[in-house]
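In case you want the letters, here they are:
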Amino acid sequence: MSLVLISIGSNIEREHHVRVCLDALEATFGNLTLSSVYESEPVGFVDGRNFLNLVAGFESDWSVGELQAWCKQLELANGRLKNSAKFSPRTLDLDLLTVGTLTGEADGVMLPRDEVDRNAFVLLPLAESFGEERHPVSGEDYASLWKAFVAAGRAEQQPLWPVDFSWRCRMISRADATV
């Protein structure tokens, strides 16, 4: 079993699609560890609708290919268009960030995902809920990577706002949390 970390994002019917995704993840993989939910401005998108983003972690013995296929199928089942433009609005965007300590290409997927230490909407949730876990290439823990990101002034360029978000009758995120 490996710890799988997935980034979840949506900027169309955001709350609905994030909840559907969490339901599907839990039904398929069992116990989830979830970060808070953050609102972020779209990076590189022409459409200005803000995203909701979070990171989910779970244990799995599935191959990278099986995990990737499952994520893509869930996106499609939730209205994501298969051939939509790269920076177009999306109902659901799932990205495999890491699968255990795998590095390099596995089943056509590059691991760890390159945006892990480049985008605040990925790195802050990782630092928050998986801060002691280590980036498979650099060996740095996510909490330290986030501190360096902030110290370099990069967090100011990619603002995030924690939002109130409940799932399965429990609050998993609060707007008044400190970023």
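Reference entry: report on the structure contained in this document. (Residues numbered from 1 in each chain as written. Predicted model: local features only at pLDDT ≥ 70, side-chain atom pairs only at ≥ 80, totals over all residues. Heavy atoms only, no water.)

1. So, the nonpolar core
Grouped together as the largest cluster of nonpolar side chains are 32 residues, with contacts concentrated most on Ile-6, Ile-8, Leu-22, Leu-25 and Leu-96. Within the residue set of this core, elements represented by two or more residues are β1 (2-10), α1 (14-29), β4 (51-60), α2 (64-77), β5 (93-99), β7 (109-111) and β9 (165-167). Top contributing element to this core by residue count: α1, with six residues. Leave out the neighbours within four places in its chain, and Ile-6 touches Leu-25, Leu-54, Val-55, Ala-56, Phe-58, Cys-71, Leu-94, Asp-95, Leu-96 and Leu-97. (Core = buried A, V, L, I, M, F, W, Y, C linked by side-chain atoms within 4.5 Å. Buried < 20%, exposed > 50% of the residue type's maximum accessible area, 1.4 Å probe, protein only. Helix = DSSP H or I, 4+ residues; strand = E, 2+ residues; numbered from the N terminus. Contact = heavy atoms within 4.5 Å.)

2. A word on the pattern of salt bridges
Opposite charge on two side chains lets them pair, provided their charged atoms get close. This model, assessed by the stated rule, comprises nine salt bridges. Of the charged contacts in the structure, one is a salt bridge between Glu-115 and Arg-113, with a shortest N-O distance of 3.4 Å. Beyond isolated ion pairs, a larger network of salt bridges with shared partners links Arg-14, Glu-15 and Glu-39. (Salt bridge = Lys/Arg side-chain N within 4 Å of Asp/Glu carboxyl O.)

3. As for the pairing of β1
Within β1, eight of the nine residues are buried, which leaves the element mostly enclosed by the surrounding structure. Relative to β4, β1 is paired through nine bridges, and the arrangement is antiparallel. Residue Val-4 lies in a different strand from β4, and its bridge partner there is Phe-58. Where β1 lies against β5, six bridges are found, and the strand directions are antiparallel. Of the residues in β5, the one forming a bridge with Gly-9 is Asp-93. (Pairing = 2+ DSSP bridges.)

4. Description of unusual backbone geometry
Between Leu-111 and Pro-112 the backbone carries a cis peptide bond, its omega angle lying at -10°. Positioned with a positive phi, Glu-13 is a non-glycine residue whose angle comes to about 45°. By the element assignment, Glu-13 lies in the loop between β1 and α1. Take Glu-13: its relative accessible area is 55%, and that puts it in the exposed class. Residue Asp-107 is not a glycine yet carries a positive backbone phi of 55°.

5. A closer look at the state of the cysteines
Under the defined criterion, the tally for this structure stands at zero disulfides. Looking at Cys-71, it has no disulfide partner, and the nearest cysteine sulfur is the one in Cys-21, 7.6 Å off. Of all cysteine sulfurs in the structure, the one in Cys-21 sits closest to Cys-169, which takes part in no disulfide; the separation is 18 Å. Judged by relative accessible area, Cys-169 falls into the exposed class, the value being 88%. (Disulfide = S-S within 2.5 Å.)

6. Some remarks on a negative patch on the surface
Together, Asp-61, Glu-66, Glu-105 and Asp-107 make up a region of like negative charge exposed at the surface. Summarising the element assignment, Asp-61 is placed in the loop between β4 and α2. For Asp-61, a relative accessible area of 60% gives the class exposed. (Patch = residues over 30% accessible without salt bridge, like charges linked within 9 Å, V, L, I, M, F, W, Y side chains within 5 Å. Areas by Shrake-Rupley, 256 points an atom, 1.4 Å probe, with all protein chains shown as cover. Lys, Arg positive; Asp, Glu negative; His and termini not counted. Charge placed at Lys NZ, Arg CZ, Asp CG, Glu CD.)

7. Things to note about the packing of helix α3 (residues 120-130) against helix α4 (residues 142-151)
Relative to each other, α3 and α4 sit at 135°, their axes nearing to 8 Å. Considered as vectors, α3 and α4 are oriented oblique to each other. In this structure, the crossing between α3 and α4 has a hand that is left-handed. Within the contact between the two elements, α3 uses Ala-120, Leu-123, Leu-124, Leu-126, Ala-127 and Phe-130 and α4 uses Tyr-142, Ala-143, Leu-145, Trp-146 and Phe-149. By residue class, the composition of the contact of α3 with α4 is 11 nonpolar, no polar and no charged. (Axes fitted to C-alpha atoms, helices over the stretch in contact; angles between N-to-C directions. Parallel < 35°, antiparallel > 145°, perpendicular 65-115°, else oblique. Left-handed = near helix turned anticlockwise from the far one by under 90°. Nonpolar A, V, L, I, M, F, W, Y, C, P; charged D, E, K, R; others polar.)

Just geometry here; none of it tells us what the structure is for.
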